[in-house]
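# Per-entry structural report
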Amino acid sequence: MSNEYLVEVKNLKQYFPVRNSKGKLVPLKAVDDVSFAIKPGETLGLVGESGCGKTTVGRSLLRLYKPTAGEIWFDGQLVTDKNMHEHRKEMQMVFQDPYSSLDPRMTVEDIIGEPLDIHKLCKNKAERRERVLELMKTVGLNAEQATRYPHEFSGGQRQRIGIARALAVNPRFIVCDEPVSALDVSIQAQVVNMFEDLQQQLGMAYLFIAHDLLVVHHMSDRIAVMYLGKIMEVADSDSVINHPIHPYTESLLSAVPIPDPKIARTRQRIVLEGDVPSPMNMPQGCPFRTRCRYATEQCAAECPTLTDRGNGHFVACWNR
Ligand SMILES: Nc1ncnc2c1ncn2[C@@H]1O[C@H](COP(=O)(O)OP(=O)(O)OP(=O)(O)O)[C@@H](O)[C@H]1O
Ligand SMILES: [Mg+2]
């Protein structure tokens, strides 16, 4: 096992047992055989429509859900229930909604101090206080705000509190689950820039989940595109945005506004036909085939796996 990668996800599956309309228990395949790897200090962007399984990938990766199948490796070590507590210090998560992810009854000091307590990282109260204040400074909050409660803060400030809490244990990897999408557009850029500055200073790797392809392009070294629980395409960030190969990525990109009118005029808007199928009732073969303009019989018979099209550009498609 080489340690080129910090995080490796191998054939991850997360099936939730749910009842269908007839009351029968069926597996909802939220994540279905997903593999990827992230190098130290690297950002992998994860994009895809609502409900395609992005959050579930992040949560299963950190074992907030017990995976149905698959392996997570961290720094060359297989992560298990037994050693997860150790790894929790290395792998953290920043949540989408800074309103519901902070305990309203706790002060900022206690919210940020909690992981320090859990991992017994401070010898006494004074040391804990010092570390909390240092973390608050790192994310641009004032020391006087330490005794306040979450409701006294704006969305952007709350997200800073969530980030400080994630940083408390000096993680080497952070899952950032749509960390700016609940925030006002005017402050999204500030928070995105903060994630970048922190990475420069501290060298963490990120799995950066977002809807917004332009934000993901800005943030990420590589981008993975998900559809119905599967990764359809993964490549370096510029290749995915400028030379997409998978028809699903093409259609996602065709909906993104382009600032340059010359390029915008040449580009064709691809509108997908039909609805996203239910993950409780997935099509046989390729999950995208029911909406794909290139679909053939082979697509219905067999699900394509990711294959390398050169320079680390991986695509799961029979026809492109
Ligand atoms: N705990 C759960 N129990 C049952 N089904 C779940 C659970 N969590 C997620 N799902 C289902 O799994 C699928 C993937 O959900 P997930 O939240 O991972 O999507 P997402 O890509 O993060 O969406 P969004 O962009 O809206 O955040 C959805 O169909 C969702 O309804
Ligand atoms: Mg989500």
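For the structure itself, consult the block above.
Just so you know, the residues in each chain are numbered from 1, in the order the chain's sequence is written. Throughout, the order in which chains and ligands are written sets their labels, letters from A for the former and numbers from 1 for the latter. Under the rules for a predicted model, residues below a pLDDT of 70 receive no local features and side-chain atom pairs below 80 are neither given nor counted, while totals for whole chains, interfaces and linings still include all residues. Heavy atoms throughout the structure, all of them, feed into the side-chain values; hydrogens and water do not.

### Notes on the overall build of the chain
As a reminder, the rule being used: Numbering of helices and strands runs from the N terminus; a helix is a DSSP stretch of H or I covering at least four residues, while a strand is a stretch of E covering at least two. We compute the radius of gyration over the C-alpha atoms and compare it with the globule rule, which gives 2.2 Å times the number of residues raised to the power 0.38. Only protein chains enter the calculation, and the probe is 1.4 Å; a residue is then buried if its accessible area is under 20% of its type maximum, exposed if over 50%, and partly exposed in between. The criterion used for residue contact is that any of the two residues' heavy atoms lie within 4.5 Å. To be clear on the numbers: accessible area is Shrake-Rupley with a 1.4 Å probe, and residue cover counts the displayed protein chains and nothing else.
Summing up its helical and strand segments, the chain has 11 helices and 12 strands in all. Relative to a compact globule of 320 residues, whose C-alpha radius of gyration would be 20 Å, the chain shows 21 Å and is just as compact. Seen through its principal axes, the chain has C-alpha atoms that stretch 65 × 50 × 45 Å. Within the span of the chain, comprising 320 residues, buried residues form 48% of the whole. A sequence separation of at least 24 residues applies to 64% of the contacts in the chain between residues at least 6 apart. Total accessible area on the chain stands at roughly 15900 Å², and carbon and sulfur atoms take up 49% of it.

### Quick look at the nonpolar core
Which entries qualify depends on this criterion: The criterion is simple. A nonpolar core is a set of buried Ala, Val, Leu, Ile, Met, Phe, Trp, Tyr and Cys residues joined through side-chain atoms within 4.5 Å.
Judged by nonpolar contacts, the single largest core of 55 residues is most densely connected at Ile112, Ile161, Ile163, Leu167, Phe195 and Tyr206. Excluding residues that lie within four positions of it along the chain, Ile161 makes contacts with Leu102, Val108, Ile111, Ile112, Leu141 and Phe153. In this structure, Phe36, Leu46, Leu207 and Met226 belong to the second largest nonpolar core, which totals 29 residues.

### Quick word on the site of ligand 1
This is how the line gets drawn: In this text, near means that some heavy atom of the residue lies within 4 Å of the molecule or strand in question. Counting of polar contacts relies on pairs of N or O atoms within 3.5 Å, with two restrictions inside protein: one atom must be capable of donating a hydrogen and the other of accepting it, and residues adjacent in sequence are counted only when both atoms are side-chain atoms. By the convention adopted, Pro, Cys, Tyr, Trp, Phe, Met, Ile, Leu, Val and Ala count as nonpolar, Lys, Arg, Asp and Glu as charged, and the other residues, Gly among them, as polar.
In the vicinity of ligand 1 lie 17 residues, with Ser50, Gly51, Lys54, Thr55 and Thr56 positioned nearest. For ligand 1, an oxygen atom lies 3.3 Å from a polar atom in the backbone of Cys52. One of the side-chain N or O atoms of Glu178 is found 3.4 Å from an oxygen atom in ligand 1. Those elements giving two or more residues to the shell around ligand 1 turn out to be strand E1 (7-19), strand E2 (25-38) and helix H1 (54-61). Looking at the shell around ligand 1 element by element, the count peaks at 3 residues for H1. A per-class count over the shell around ligand 1 returns 7 nonpolar, 7 polar and 3 charged.

### Focus on the packing of aromatic side chains
Selection rule: Classification of ring pairs uses Phe, Tyr and Trp, with its six-membered ring standing for Trp, and accepts pairs whose centres are within 6.5 Å; under 30 degrees between planes counts as stacked, over 60 as edge-to-face, and the remaining range as tilted. Definition used: whenever NZ (Lys) or CZ (Arg) falls within 6 Å of the ring centre and also within 35 degrees of the ring normal, the charge is taken to sit over that ring.
Enumeration over the complete set of coordinates arrives at 6 aromatic pairs. Measuring from centroid to centroid gives 4.7 Å for Tyr227 and Tyr248, while their planes differ by 55°, and the two rings are tilted. Here the residue Tyr227 occupies a position in strand E9 (residues 222-227), and Tyr248 occupies one in helix H9 (residues 247-254), the gap between them amounting to 21 residues. Three or more aromatic residues link up through ring pairs in this structure, and these residues are Phe195, Tyr206 and Phe208. The ring of Tyr294 carries Arg320 above its face, with NZ or CZ at 4.4 Å from the centroid.

### Overview of empty space enclosed by the protein
Convention followed: In this analysis a 1.4 Å probe is tested at points of a 1 Å grid over the protein atoms alone, and where it fits but cannot get out there is a cavity; an open set with protein on both sides within 12 Å along at least five of seven lines is a pocket; lining residues have an atom within 4 Å of a point. Grid points are joined across faces, edges and corners, and a volume is the space filled by probe spheres set on the points.
One pass over the full model with this rule turns up 1 cavity of 30 Å³ or more. Quantified by volume, the largest cavity comes out at close to 80 Å³. Lining the largest cavity are 13 residues, with Cys286, Cys292, Cys299, Cys317 and Trp318 sitting closest to its centre. Looking at the lining of the largest cavity, its residues break down into 10 nonpolar, 2 polar and 1 charged.

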